[in-house]
Amino acid sequence: MLTVLTLTTVVLGVPLIYTAWLWVEDITRDELQSKLERIATVIIEQERGDGLVPGELDTRSVEPLLPQDGKLTIIYPAPRDNASRVDIGVGQVADPLVESLSMGTKGSLRLEVPSAPMHARQQQAVAVVALAVLASLGAAVSVAVITARRVADPLRDVAARAARLAMGDFRPDPRRHGISELDRVSDVLDSATVEIAGRLQREHALVADVSHQLRSRLTAVRLRLDELSTHADQEVVHEAEEAMAQVDRLTAAIDDLVRASRDEDAADLDPVPVMDELRGVVAEWTHPFAEKGRSLTLTGDESLRAPITGSRLREAVSVLVDNALMHGGGTCTVSVRTVRPGVDREPLVCVEVADEGDGVRDELAPHIFDRGFSAGGSTGVGLALARALVEADGGRLELQRRRPALFAVFLGSSAYRTQNAVVTEPR
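For clarity, every value in this text was computed on a predicted model and none was experimentally measured.

A.B. asks: I'd like to hear about the side chain of lysine 71, residue by residue, with values.
C.D. replies: By the element assignment, lysine 71 lies in strand β1 (residues 71–78). In contact with lysine 71, other than residues within four places in its own chain, are Arg85, Asp87, Ile88, Val90, Gly91, Val93, Arg110, Leu111 and Glu112.

Shown next as structure tokens:
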């Protein structure tokens, strides 16, 4: 609105100022022409039958009609010299403004006056017009600001309410702004608040029921495995103990995930040692890799820590390792290092999972994180779940390289905000 007002003021104001400048000049010239007509009348009254006689022209009657600091030149026919000239007034006019008047066969008049007074009046007129233009622009800007605020402030309120809704604040907001479109958006947000709150409540109840049922079934399985641990065959006992360890890890993972799902503020998480969290994942998947004649290694700095939920990180990396086992080839390497997204930004902890297989085909790369999408006959949930788990703690999961495949997990609440600064485009 301010841009339009400024352009309109320039488009209309400049011609108006130029018109005022010419208008003052036209008025001044009209005044000079009027004086010349009066002077011509006085001179013609002194004419005899044979015309104006040189030396007999009474200039005293003309002098009162001259402008201050003006110069009048009278040119009229003469019997001997064909033309005579009489100068009245100052001798020389600096920077003159000249006007002429023809008296036909009786001669002509030339009036010169200084142009400085006219220029002064022109400047005054331009100043008055410019002030009027600026005053109108100021009034228009005030109206534009008031109008913009009347629209922008309710928009900010609605945007803030939507942001609170995204953060999990489902309190109703009865405020309305008197703008039908925005009030409609507020009504929709009210309905969405009720619906989302109800769905979350039902999902929380379902998670609690499912986790309870899983823990009950896992407890029953562990009791049966505990009975097998007393078997006489040592191989059976070993397998039973391994299975019980898997059951214990699964039970602990379920408890951690349920607990983490109730923790809505990832920014308040305490930093945990990343290598310690990943060491258990690598130990769990080492045997499946060995059965396929492949190896799984873990490398990185033991001192690196990140504000994350351990269970979420373990599950997300487990999905990536499982994906490397099913679709990759060669050695799978889980590495932990730091990356700096920018000169003025703090470094992030990055967990990379890479293998030596054929990688991801170009047509599949843009969709591998889409829920339900799979090119290998799986459910298509794993990578989508892994990304959701990482983002729940403020991190980011990306396909960093297509061939061979390399997945990168950027940890920390700042990783999601700086995702555009990190090179995440798969090569």
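Having seen it, we continue.
A.B. asks: An account of the sheet that holds strand β9 (residues 348–354) is needed here, citing residue identities and associated values.
C.D. replies: Whether parallel or antiparallel, the strands of a sheet pair through hydrogen bonds between backbone atoms. Pairing is mixed in the open sheet, where five strands are placed in the order β6-β8-β9-β11-β10. Each end of this open sheet is capped by a strand with a single partner; those strands are β6 (296–300) and β10 (396–401). Recorded for the sheet is a direction-independent mean angle of 20° between the axes of neighbouring strands. By the bridge criterion, seven bridges tie strand β8 (residues 332–339) to β9 in an arrangement that is antiparallel. Within β9, the position partnered with valine 334 by the bridge is valine 353.

A.B. asks: Tell me about a nonpolar patch on the surface, and name the residues and values.
C.D. replies: Residues Tyr18, Trp21 and Leu22 make up a contiguous nonpolar surface patch of about 290 Å² in total accessible area. By the secondary structure assignment, tyrosine 18 is in helix α1 (residues 2–45). When its relative accessible area of 53% is taken as the criterion, tyrosine 18 is described as exposed.

A.B. asks: An account of the packing of helix α5 (residues 274–291) against helix α6 (residues 310–327) is needed here, citing residue identities and associated values.
C.D. replies: Contact geometry of α5 with α6 gives a least axis separation of 10 Å together with a crossing angle of 30°. By the angle class used here, α5 and α6 are roughly parallel. Where α5 crosses over α6, the handedness of that crossing is right-handed. Only Gly310, Leu313, Arg314, Val317, Ser318, Val321, Asp322, Ala324 and Leu325 of α6 make contact with α5, whose side of the interface consists of Val274, Glu277, Leu278, Val281, Trp285, Pro288 and Phe289. For the contact of α5 with α6, the residue count by class is eleven nonpolar, two polar and three charged.

A.B. asks: Tell me about the packing of aromatic side chains, and please be specific about residues and values.
C.D. replies: Taken as a whole and judged by the stated rule, the model has one aromatic pair. Ring centres 6.2 Å apart and planes at 85° place the aromatic pair phenylalanine 369 and phenylalanine 407 in the edge-to-face group. In this pair, phenylalanine 369 is assigned in the loop between β9 and α7 (382–392) and phenylalanine 407 in strand β11 (residues 406–411), connecting sequence segments 38 residues apart. In this structure, arginine 387 is placed above the aromatic ring of phenylalanine 369, and the distance from its NZ or CZ to the ring centre is 4.0 Å.

Criteria and thresholds
Residues numbered from 1 in each chain as written. Predicted model: local features only at pLDDT ≥ 70, side-chain atom pairs only at ≥ 80, totals over all residues. Heavy atoms only, no water. Helix = DSSP H or I, 4+ residues; strand = E, 2+ residues; numbered from the N terminus. Contact = heavy atoms within 4.5 Å. Pairing = 2+ DSSP bridges. Axes fitted to C-alpha atoms, helices over the stretch in contact; angles between N-to-C directions. Patch = residues over 30% accessible without salt bridge, like charges linked within 9 Å, V, L, I, M, F, W, Y side chains within 5 Å. Areas by Shrake-Rupley, 256 points an atom, 1.4 Å probe, with all protein chains shown as cover. Salt bridge = Lys/Arg side-chain N within 4 Å of Asp/Glu carboxyl O. Buried < 20%, exposed > 50% of the residue type's maximum accessible area, 1.4 Å probe, protein only. Parallel < 35°, antiparallel > 145°, perpendicular 65-115°, else oblique. Left-handed = near helix turned anticlockwise from the far one by under 90°. Nonpolar A, V, L, I, M, F, W, Y, C, P; charged D, E, K, R; others polar. Phe/Tyr/Trp six-rings, centres within 6.5 Å; stacked < 30°, edge-to-face > 60°. Lys NZ or Arg CZ within 6 Å of the ring centre and 35° of its normal.

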